[in-house]
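Close look at the chain arrangement
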Amino acid sequence: MLASIDHVGIACSDIDRSIHRYQMLFGLQVTKYEDRPVSGVLEAMLRVAPSGSELTALSGASYVQLLQPTRSDTALAQFLRERGEGVQHIGYGVVDLQAALRQLRRHGVNLVPDMPQHGIFGNSIAFLEASSIGGVLTELVQLDGR
Ligand code: CO
């Protein structure tokens, strides 16, 4: 079911400082940066890949996803208050998100929220409740040609 590790979601209190850290230490560049007021998050995707490489999505393009809450009433804000900065979720790439969700629902795994949403690249994503996955908030990402 899982085709790749698409991204690691990292909660941070100052996204610009965190971006600078990943640029300075690891040479990563920001692929996408967005203020998502509906979700209450500032989000940056930094691609992890050798420079100039031509990886396709299916062959394993992956990202560091930096997340700074912009509201206090979100799960991300709560995570930051209770646990501080750090890894908040893992995002796995899947070839067929709907088929994956059907299979997981048969095993009693619930989505939070209940329906898939659109990720920063416009593709479908879904979060699985952490309590079903050993305490790891797990996101599935519909892979596409990005
Ligand atoms: Co994510």
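Our subject is the structure that appears above.
Residues numbered from 1 in each chain as written. Predicted model: local features only at pLDDT ≥ 70, side-chain atom pairs only at ≥ 80, totals over all residues. Heavy atoms only, no water.

Considering the overall build of the protein
Helix and strand content of the protein: three helices and eight strands. Along the protein, from the amino end to the carboxyl end, the secondary structure elements read β-α-β-β-β-α-β-α-β-β-β. Along the first, second and third principal axes, the C-alpha set of the protein runs to 45 × 40 × 25 Å. Looking at the 146 residues of the protein, the share that counts as buried comes to 41%. A separation of at least 24 residues holds for 59% of the contacts in the protein among residues at least 6 apart in sequence. Accessible surface, the protein as shown: approximately 7,900 Å² in total, 54% of it carbon and sulfur. A gap of 3 Å separates the mean positions of the 12 positive and 15 negative side-chain charges of the protein. (Helix = DSSP H or I, 4+ residues; strand = E, 2+ residues; numbered from the N terminus. Buried < 20%, exposed > 50% of the residue type's maximum accessible area, 1.4 Å probe, protein only. Contact = heavy atoms within 4.5 Å. Areas by Shrake-Rupley, 256 points an atom, 1.4 Å probe, with all protein chains shown as cover. Lys, Arg positive; Asp, Glu negative; His and termini not counted. Charge placed at Lys NZ, Arg CZ, Asp CG, Glu CD.)

Some details on the coordination of the cobalt ion
The coordination sphere of the cobalt ion contains the protein donors His 7 (NE2), Gln 65 (OE1), His 89 (NE2) and Glu 139 (OE), at a distance range of 2.0 to 2.2 Å. Relative to the metal, the four donor atoms surrounding the cobalt ion lie at angles of 84 to 172°, and the coordination shape comes out irregular. Counting residues between consecutive donors of the cobalt ion along the chain gives the motif H-x57-Q-x23-H-x49-E. Of this pair, His 89 sits in strand 5 (residues 86-94) while Glu 139 sits in strand 8 (residues 138-142); the two residues are 50 residues apart in sequence, bridging distant segments of the chain. Here His 89 falls in the buried class, since its relative accessible area comes to 2%. (Donors = N, O, S within 2.8 Å, 3.2 Å for Na, K, Ca; no water. Tetrahedral: all angles 85-135°; square planar, octahedral: opposite > 155°, others 65-115°.)

With respect to the side chain of Thr 138
Positionally, Thr 138 belongs in strand 8. A relative accessible area of 5% places Thr 138 in the buried class. A polar atom in the side chain of Thr 138 sits 2.9 Å from the backbone oxygen of Val 136. Residues contacting Thr 138, with those up to four places away along its chain left out, are Ile 90, Tyr 92, Ala 126, Phe 127, Leu 128 and Ile 133. (Polar contact = N/O pair within 3.5 Å; in protein donor to acceptor, adjacent residues only side chain to side chain.)

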